[in-house]
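So the chains spell out like this:
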Amino acid sequence: MKVRQVEKTALLVLGALIWGMAFAAQSVGSGYVGAYTFLACRSWLACIFLTGLLLVRRRLAAVRKVRPAVTPASRGTAVRGGIFCGIFLFAASAAQQMAVGEVSTAKASFLTALYVVLVPLCGIVLGRRPDRRIWLWVAVSVAGLYLLCMAGRDTLSLSVSELKLLLCALLFAVQILLVGHYSPKVDGVTLSLYQFLTTSVLSTVFMFLFEQPQWDQILGAGVAILYCGILSSGVGYTLQIIGQRGLDPTIASLAMCLESVFGALAGWALLGQKLTPIELTGCLLMFAAIVGSTLATGKSPE
């Protein structure tokens, strides 16, 4: 592997670490504010960060006399793409935030990471034929899901929180397909800005409709909101854009799959959460399914 590839892979691993630790921050934040309030605050922070990033890029481009990456024609595509992506990002993030305070961060991170398996399956609806090996990894993920969520229970039904996380994974899969459709046509940071702007507006509307946000509660969740808004949404996404550019998709996928592992480690190290041997086996099976599905498809999950 070339040195440049190593550097890019390291950026993606750093991004996965940031995203994984965000599960612990979300869990802490859920104890202070409602899901829509938390999502609104972190999304507006992401918008501010990305706007600042675009302004810095524009200033640097002016100094270097570089042609702007976003033309009027591509801006219209970025707005449409950002709206569509933002709608699904809002729905997926809201479902995740509602559940993350009710289950362990390990369970939340691994169930969310099932989007990697669901992406090629959703592609079937669009007429894409996934590699046959994907069905093996779907079976492995189901086995892991059983051990992680249902082993030892008297009933085979999932809890409401677990169902929300599965819905979150499905919504993220659709959002990833939309990003994959629009990202080659527009500037990535610009698309991200419109995506988070859409998420910010929707979460703010739902916040005032269904919750009663109070400043003392928001301040109580301030550190968690700052982490998720600036680091997870802003820095993490930027690292992904830089790291994925020109890197082998399979290597990128494997690096970003570490998000689920870092999420479990963050819950153990920061929140004192533990996994039973059966739950740990379920996590290992689901991680194997995540890695195996990326190898089978040969495509990056995001």
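Please refer to the structure higher up on the page.
Keep in mind the model is a prediction, meaning the values are calculated, not measured. (Residues numbered from 1 in each chain as written. Predicted model: local features only at pLDDT ≥ 70, side-chain atom pairs only at ≥ 80, totals over all residues. Heavy atoms only, no water.)

Trainee: Looking at this structure, I do not really get the overall build of the protein chain. What am I missing?
Mentor: When helices and strands are tallied, the protein chain shows 12 helices and 0 strands. Overall, the protein chain shows an N-to-C arrangement of helices and strands of α-α-α-α-α-α-α-α-α-α-α-α. Here the protein chain, with 302 residues, has 50% of them falling under the buried criterion. Across the protein chain, contacts joining residues at least 24 apart in sequence account for 91% of those joining residues at least 6 apart. In the structure as shown, the protein chain presents an accessible area of about 14600 Å², 68% of it carried by carbon and sulfur atoms. (Helix = DSSP H or I, 4+ residues; strand = E, 2+ residues; numbered from the N terminus. Buried < 20%, exposed > 50% of the residue type's maximum accessible area, 1.4 Å probe, protein only. Contact = heavy atoms within 4.5 Å. Areas by Shrake-Rupley, 256 points an atom, 1.4 Å probe, with all protein chains shown as cover.)

Trainee: I'm lost on the nonpolar core in this one. Help?
Mentor: Note that soluble globular proteins tend to have their nonpolar side chains buried in a common cluster. Counting 23 residues, the largest nonpolar core has Tyr115, Phe172 and Phe196 as the members making the most contacts within it. Mapped by element, the contributors of at least two residues to this core are α2 (35–64), α3 (72–100), α5 (115–125), α7 (160–182) and α8 (188–210). Broken down by element, the residue count for this core peaks at 6 residues, all from α7. By size, the runner-up hydrophobic cluster in this structure holds 22 residues, among which are Phe23, Val100, Leu114 and Leu165. (Core = buried A, V, L, I, M, F, W, Y, C linked by side-chain atoms within 4.5 Å.)

Trainee: For this particular structure, what's the right way to read the packing of α2 against α8?
Mentor: Working note: a packed helix pair is described by the angle between its axes plus the distance between those axes. Two elements in contact, α2 and α8, have axes whose closest approach is 8 Å; the angle formed by their N-to-C orientations is 155°. The orientation of α2 with respect to α8, classified from their angle, is roughly antiparallel. Both α2 and α8 take part in a crossing whose hand is left-handed. (Axes fitted to C-alpha atoms, helices over the stretch in contact; angles between N-to-C directions. Parallel < 35°, antiparallel > 145°, perpendicular 65-115°, else oblique. Left-handed = near helix turned anticlockwise from the far one by under 90°.)

Trainee: Sorry, what's going on with the side chain of Gln97 here?
Mentor: Note on placement: Gln97 falls in helix α3. A residue is classified by how much of its surface remains accessible, and Gln97, at 4% relative accessible area, is buried. Within the local environment of Gln97, its side chain forms a polar contact with the side chain of Gln26, the two groups lying 2.9 Å apart. Dropping the residues within four chain positions of it, Gln97 is found in contact with Gln26, Ser30, Ala35 and Phe38. (Polar contact = N/O pair within 3.5 Å; in protein donor to acceptor, adjacent residues only side chain to side chain.)

Trainee: I would appreciate a short explanation of the packing of aromatic side chains in the present structure.
Mentor: Given two aromatic rings, one states the distance between the centres and the angle between the planes to describe the pair. The tally for this structure, following the rule as stated, stands at 7 aromatic pairs. The interplanar angle of 25° and the centroid separation of 6.1 Å between the aromatic rings of Tyr36 and Phe90 together place this pair among those described as stacked. Pair noted here: Tyr36 is in helix α2 and Phe90 is in helix α3, with a separation of 54 residues, a long-range link. Taking relative accessible area as the criterion, Tyr36 reaches 13% and is therefore assigned buried. Centroid distance Tyr36 to Phe210: 6.2 Å. Interplanar angle 35°. Geometry classified as tilted. You can see Tyr36 sitting in helix α2 and its partner Phe210 sitting in helix α8, a full 174 residues away along the chain. One aromatic cluster is present, formed by Tyr36, Phe90, Phe206 and Phe210 through successive ring pairs. Just above the ring of Tyr182 sits the side chain of Lys185; from NZ or CZ to the centre is 5.9 Å. (Phe/Tyr/Trp six-rings, centres within 6.5 Å; stacked < 30°, edge-to-face > 60°. Lys NZ or Arg CZ within 6 Å of the ring centre and 35° of its normal.)

Trainee: For this particular structure, what's the right way to read the pattern of salt bridges?
Mentor: Where charged atoms from two side chains of opposite charge approach closely, those side chains can pair. Using the criterion set out here, one finds 2 salt bridges in the structure. Arg57 is the partner of Asp187 in a salt bridge, and the nearest nitrogen-oxygen pair spans 2.8 Å. In this pair, Asp187 is assigned in the loop between α7 and α8 and Arg57 in helix α2, connecting sequence segments 130 residues apart. The exposure class of Asp187 is buried, given its relative accessible area of 14%. Accessibility expressed as a relative area gives 31% for Arg57, which makes it partly exposed. Residue Lys107 pairs with Glu162 through a salt bridge whose shortest N-O separation is 3.1 Å. Here Glu162 lies in helix α7 and Lys107 lies in helix α4 (residues 105–112), a separation of 55 residues in the sequence. As far as burial versus exposure is concerned, Lys107 and Glu162 are alike and both buried. (Salt bridge = Lys/Arg side-chain N within 4 Å of Asp/Glu carboxyl O.)

Trainee: Looking at this structure, I do not really get α4. What am I missing?
Mentor: Spacing of three or four residues puts side chains on the same side of an α-helix, whose turn is 3.6 residues. With respect to burial, α4 is a largely interior element, 8 of its 8 residues being buried. Listing the buried residues of α4 in full gives Thr105, Ala106, Lys107, Ala108, Ser109, Phe110, Leu111 and Thr112.

Trainee: Could you clarify how one ought to interpret the environment of Phe210 in this entry?
Mentor: A relative accessible area of 58% means that Phe210 is categorised as exposed. Considered as a pair, Phe210 and Gly34 are 176 residues apart in the sequence and their alpha carbons are 9.1 Å apart.

Trainee: What's the story with the environment of Phe110 in this structure? I'm lost.
Mentor: Position of Phe110 among the secondary structure elements: in helix α4. Given a relative accessible area of 4%, Phe110 falls into the buried group. Placed 149 residues apart in sequence, Phe110 and Glu259 show a C-alpha to C-alpha distance of 8.6 Å. Those residues in contact with Phe110 that lie beyond four places of it in its chain are Leu148, Ser260, Val261, Ala264, Cys283, Met286 and Phe287.

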